[in-house]
Amino acid sequence: MATDTSSTQYLAESRTTVVNALYSIPIPLEILSTAFRLWVKARPSSQGRLAFDDYLIIWATMCAVAECIAGLVYGAPNGLGRHIQAVSMSDRQSFLMGDYIFSHFYDVAIASTKLSILALYYRIFITDIFRTVVIATAVFVASWLIAMEIVLGLGCRPVQGWWDAAVAATATCVNKAAFTYSTNITNLVIDLWIFLMPMPIILRLQASFDKKIGLCFLFSFGLGLCAVSVARLFVIVSVESEDITWSEVPLGILSAWEPCGGILCANLPLIYRELARGVNHAIRSTVKTSRSRSRDLSTRPRSPYHAWTPLNNNASSNNCATSKVTITRGQAESTELDVIGLSGIKVERDLKQEFHRKEIR
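One structure accompanies this document, and this report is about it.

Cut-offs and rules
Residues numbered from 1 in each chain as written. Predicted model: local features only at pLDDT ≥ 70, side-chain atom pairs only at ≥ 80, totals over all residues. Heavy atoms only, no water. Salt bridge = Lys/Arg side-chain N within 4 Å of Asp/Glu carboxyl O. Helix = DSSP H or I, 4+ residues; strand = E, 2+ residues; numbered from the N terminus. Buried < 20%, exposed > 50% of the residue type's maximum accessible area, 1.4 Å probe, protein only. Expected span 1.5 Å × (residues − 1). Disulfide = S-S within 2.5 Å. Axes fitted to C-alpha atoms, helices over the stretch in contact; angles between N-to-C directions. Parallel < 35°, antiparallel > 145°, perpendicular 65-115°, else oblique. Left-handed = near helix turned anticlockwise from the far one by under 90°. Contact = heavy atoms within 4.5 Å. Core = buried A, V, L, I, M, F, W, Y, C linked by side-chain atoms within 4.5 Å. Phe/Tyr/Trp six-rings, centres within 6.5 Å; stacked < 30°, edge-to-face > 60°. Polar contact = N/O pair within 3.5 Å; in protein donor to acceptor, adjacent residues only side chain to side chain.

Before going further, it helps to examine the pattern of salt bridges. Close approach of charged atoms allows side chains of opposite charge to pair. In total, this model carries seven salt bridges according to the counting rule given. Of the charged contacts, one joins Asp53 and Arg123 as a salt bridge, the two residues approaching to 3.0 Å between their closest N and O atoms. In this pair, Asp53 is assigned in helix 4 (residues 52-74) and Arg123 in helix 5 (residues 89-124), connecting sequence segments 70 residues apart. Residue classification places Arg123 among the partly exposed residues on the basis of a relative accessible area of 35%. Of the charged contacts, one joins Arg232 and Glu258 as a salt bridge, the two residues approaching to 3.8 Å between their closest N and O atoms. Linking Arg232 in helix 11 (residues 226-235) with Glu258 in helix 13 (residues 249-297), this pair joins segments that are 26 residues apart in sequence.

This is the structure we're talking about:
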């Protein structure tokens, strides 16, 4: 059954809220993760300076944030997320121009992220052969970026043919779907290659099997990012849809999240230790607080001993005495002892206590 594209219900359909939300969320994720990385590198205890890979990830973060801002400015306000029948001609032109700008930022962001990861590889892996492979891969990535930018710049002559329908009618343009497919496929192949590159070196390290697996997982975490590239392959057909402002929503969202995922993966090897320490500290603090409250509120069993046994150590006494406390619980289980000022210690009453006192005159 054909859809009535002129019906009020059809024209009122909107996904603009989803578009704005999913274009906005990557911005703080990108900024915070890169800022955390810079904090880890710049703090005095790290004794490290910013390296080339750090500058590249800063640039990649700036481009990724700019991409999301372009999506927010030119996307939903100009019809992205609504059916094209409900979008005016001027808004369509603004949307397509914004999509053109968005594509530039997308290409630069993902290429800069790849180059940052390769620069990190070059810095931490000192094998000559591996470094040669890293340099060759970096040259290929840089060449890929230049080729993509040339096609975007000269793919339509005049360039206004990318977004102006009147100019496009007489302009000479490349096939947009074919160009997008080639961009996505080469991008996916490069990602797979980059994230698998360090695996042979890691597996040959003189380390335990568990550590090798952990390092492999850490450096190949970005393979999950390839799922985004695969998903983009299935929605690229939307660029040739007549209802482009509605059909291109999934492609636009995935294009905003792919650089974000790449930046997170590039930052992870440098921030995971501090991140793990912070999470571990938070968990321990929560558990300790919970146990403390539970201990304070619980009812203790009856015992022939006093609740707490103070061991006096009066400095004014003429006798010098030494005290020994033997504490047993089950099979020599340890317990916490709390200090009471300067006069002694208190021991929880459910423990078996033996006191041995020796007088010295």
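Okay, back to it.
What follows covers unusual backbone geometry. For the bond from Arg157 to Pro158, the omega torsion is 0 degrees, close enough to zero to count as cis. The residue Pro158 is located in the loop between strand 1 (156-157) and helix 7 (165-168) in this model.

Right, let's get into helix 3 (residues 26-42). Compared with the 24 Å implied by 1.5 Å per residue over 17 residues, the 24 Å span of helix 3 between its first and last C-alpha is a close match. When we look at burial in helix 3, the residues that qualify are Pro26, Ile27, Glu30, Ser33, Thr34, Arg37, Val40 and Lys41.

On to the state of the cysteines, then. Within the structure shown, the criterion is met by one disulfide. Through a disulfide, Cys156 is tied to Cys173; the S-S separation comes to 1.8 Å. Because the torsion about its S-S bond is 120 degrees, the bridge between Cys156 and Cys173 counts as right-handed. Residue Cys156 is found in strand 1, and its partner Cys173 is found in strand 2 (residues 172-173); the two are separated by 17 residues along the sequence. By relative accessible area, Cys156 is classed as buried at 3%.

Where helix 8 (residues 176-196) meets helix 11, the closest approach of the two axes is 10 Å, and the angle between their N-to-C directions is 160 degrees. Between helix 8 and helix 11, the angle falls in the class roughly antiparallel. Note that helix 8 runs across helix 11; the crossing there is left-handed. Note on element contacts: helix 11 touches helix 8 through Cys226, Ser229, Val230, Arg232 and Leu233, opposite Tyr181, Asn184, Ile185, Asn187, Leu188, Asp191 and Leu192.

In this structure, Leu118 and Tyr121 are the most contacted members of the largest nonpolar core, which totals 41 residues. Elements that contribute at least two residues to this core include exactly helix 4, helix 5, helix 6 (128-154), helix 8, helix 9 (199-203), helix 10 (209-219) and helix 13. A per-element tally of this core places helix 5 first, with eleven residues.

If you walk through the whole model with that rule in mind, you get seven aromatic pairs. Taking the centre distance of 5.8 Å and the plane angle of 40 degrees together, the rings of Tyr23 and Phe102 count as tilted. With a gap of 79 residues between them, Tyr23 in helix 2 (residues 16-24) and Phe102 in helix 5 connect regions that are remote in the sequence. Overall, Tyr23 belongs to the buried group, its relative accessible area being 3%. For Phe102, a relative accessible area of 7% translates into the label buried.

Next up on the list: the side chain of Asn267. With respect to the helices, strands and loops of the structure, Asn267 is situated in helix 13. On the accessibility criterion, Asn267 (0% relative accessible area) is buried. A polar contact is formed between the side chain of Asn267 and the side chain of Arg37, at a distance of 3.1 Å.

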